[in-house]
Amino acid sequence: MKVLILPDEQAAVDRAADIVARTVRDAPDAVLGLATGGTMLPLYETLAQRHAAGDVSFARTVSFNLDEYIGLPPEHPCSYHSYMREAFFDRVDIDPSRTHLPRGDAPDPQAAARDYEAAIERAGGIDLQLLGIGRNGHIGFNEPTASLGSRTRIKTLTDSTRQANRRYFDSFDETPRYAITMGVATILASRACLLLATGAAKADAVARMVEGPLSAACPASALQLHAKATVVLDREAAGALELVGYYETVHPEGRDTVFD
Ligand code: F6R
C-alpha cells in the first residue's frame, strides 16, 4: 500500500486530484469508480476548478459510483444521485449517459445489484476506484464483518454509520437503513484504488486499514491485498500510524517514490 502523507487537508485533496487528473489524461476513456461523503466534496470541487481552468476533461470518462441508499429515488435531495450531480457531474463535461449509480428505488434491489455488477464488467472493469473510509473501517457501505469476497449487493447500515449520515436527513428515523453497495471484491477488482482520508476522526480507522490485521472487522484492511492501492492522508488522519517515519522516507512530501 502506498501511503502518502500531506501537511493538511487541501494538500491531500490536491494530491488526490493529481492522481485522478493524471488517470484521465493518460486514458481519456478511463472508467472511474466514484465515492460520495464529506471527504470527497473538496476533491470534486478541486477537480471542477481544474476542469474550468481547462486542465482536465471528463468528456469520454465513464463512471460507476460505489453505492446508493435503498428507497431514495434519484431526484431525492439526499440521494447520492443528487450529491453527484451537484458536487461533480453538473460542473464538468462528463456525459450523463456514461455515469452510473445503483438505483435505490429499483423494484427488485437484488436484481439491480446484480445488473450493476454486470454493467461494470461490460464496461471493462474500473481503472481507478476512489474511496473514503468510515470511522468503523467501512469502504463503500461494506460495514464491519462484510465478506471480503462480496460483490455488489444490499447491505444493512450500522447505527454508527446511520448516526454519521443523520446530518443530511431530518431525523435518525428517516436516515436510510439499507444501501446497494459495490462489494469488497468488486472494489479489489479495480485496477487501482485511491483512498482519501482527512481529519483526526479517521485516524484510528486509517491505522487499522494500513497496519492492522487483514480482517472483515475492518473492511478497508482488504486494500492490503490490492497491488495498486494508494492512500492519501493529511497529517491528522495519519495521526495513529506507527510507521509514519517510514512512509515519509519512502514518499517524501507525499510524492510517489523517493526517486520522483
Ligand atoms: C460513500 C462511501 C462511504 C464514505 C465514508 C466516509 O460513497 O463510499 O464509504 O466514503 O462513509 O464518509 P465521509 O467522507 O462523509 O466521512
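Refer to the structure above for everything that follows.
Model, not experiment: these values are computed from the prediction.

J.: What's the story with the site of the ligand in this structure? I'm lost.
T.: Surrounding the ligand, one finds 14 residues, the nearest of these being Thr39, Asp67, His138, Gly140 and Lys202. Interatomic distance of 2.8 Å between a side-chain N/O atom of threonine 36 and an oxygen atom of the ligand. One of the side-chain nitrogen or oxygen atoms of aspartate 67 is found 2.7 Å away from an oxygen atom of the ligand. Here the ligand, which alone exposes 410 Å², has 89% of that area covered by the protein. Across the shell around the ligand, the residue classes tally to 3 nonpolar, 8 polar and 3 charged.

J.: Can you walk me through the nonpolar core in this structure?
T.: Nonpolar side chains in soluble globular proteins tend to be buried together. One finds Tyr44 and Phe58 to be the most contacted residues of the largest nonpolar core, which totals 75 residues. Broken down by element, the residue count for this core peaks at 8 residues, all from helix 1 (residues 9–26). Other than its neighbours up to four places away in sequence, tyrosine 44 contacts Leu34, Ala35, Tyr83, Met84, Ala87, Phe88 and Leu130.

J.: What exactly am I supposed to notice about the environment of alanine 17 here?
T.: Mapped onto the elements of the fold, alanine 17 is located in helix 1. Once the C-alpha coordinates of alanine 17 and proline 42 are considered, the two residues, 25 residues apart in sequence, prove to be 9.6 Å apart. Not counting the four nearest positions on each side in its chain, alanine 17 is found in contact with Leu43, Thr46, Leu47 and Arg50.

What counts as what
Each chain has its residues counted from 1, running along the sequence as written. Selection of residues for local features in this predicted model requires a pLDDT of at least 70, selection of side-chain atom pairs for listing and counting requires 80 or more, and totals for whole chains, interfaces and linings are taken over all residues. Side-chain numbers here rest on the full set of heavy atoms in the structure, without hydrogens or water. For this description, a residue counts as near a given molecule or strand if any of its non-hydrogen atoms is within 4 Å of it. Polar contacts, as counted here, are pairs of nitrogen or oxygen atoms within 3.5 Å of one another; within protein the pair requires one atom able to donate a hydrogen and one able to accept it, and residues that are adjacent in sequence qualify only if both atoms are side-chain atoms. For every accessible area listed, the method is Shrake-Rupley and the probe measures 1.4 Å; residues are considered covered only by the protein chains on display. For this classification, Asp, Glu, Lys and Arg are treated as charged, while Ala, Val, Leu, Ile, Met, Phe, Trp, Tyr, Cys and Pro are nonpolar and the rest, including Gly, are polar. By nonpolar core is meant a set of buried Ala, Val, Leu, Ile, Met, Phe, Trp, Tyr and Cys residues that side-chain atoms within 4.5 Å join together. Each residue is assigned to one of three classes by its accessible area relative to the maximum for its type, calculated with a 1.4 Å probe on protein chains only: buried under 20%, partly exposed between the two thresholds, exposed over 50%. A run of H or I in DSSP becomes a helix once it reaches four residues, and a run of E becomes a strand once it reaches two; helices and strands are each numbered from the N terminus. Two residues qualify as a contact provided that any one of their heavy atoms is within 4.5 Å of a heavy atom in the partner residue.

Without other data, these values stay purely geometric and don't point to any function.
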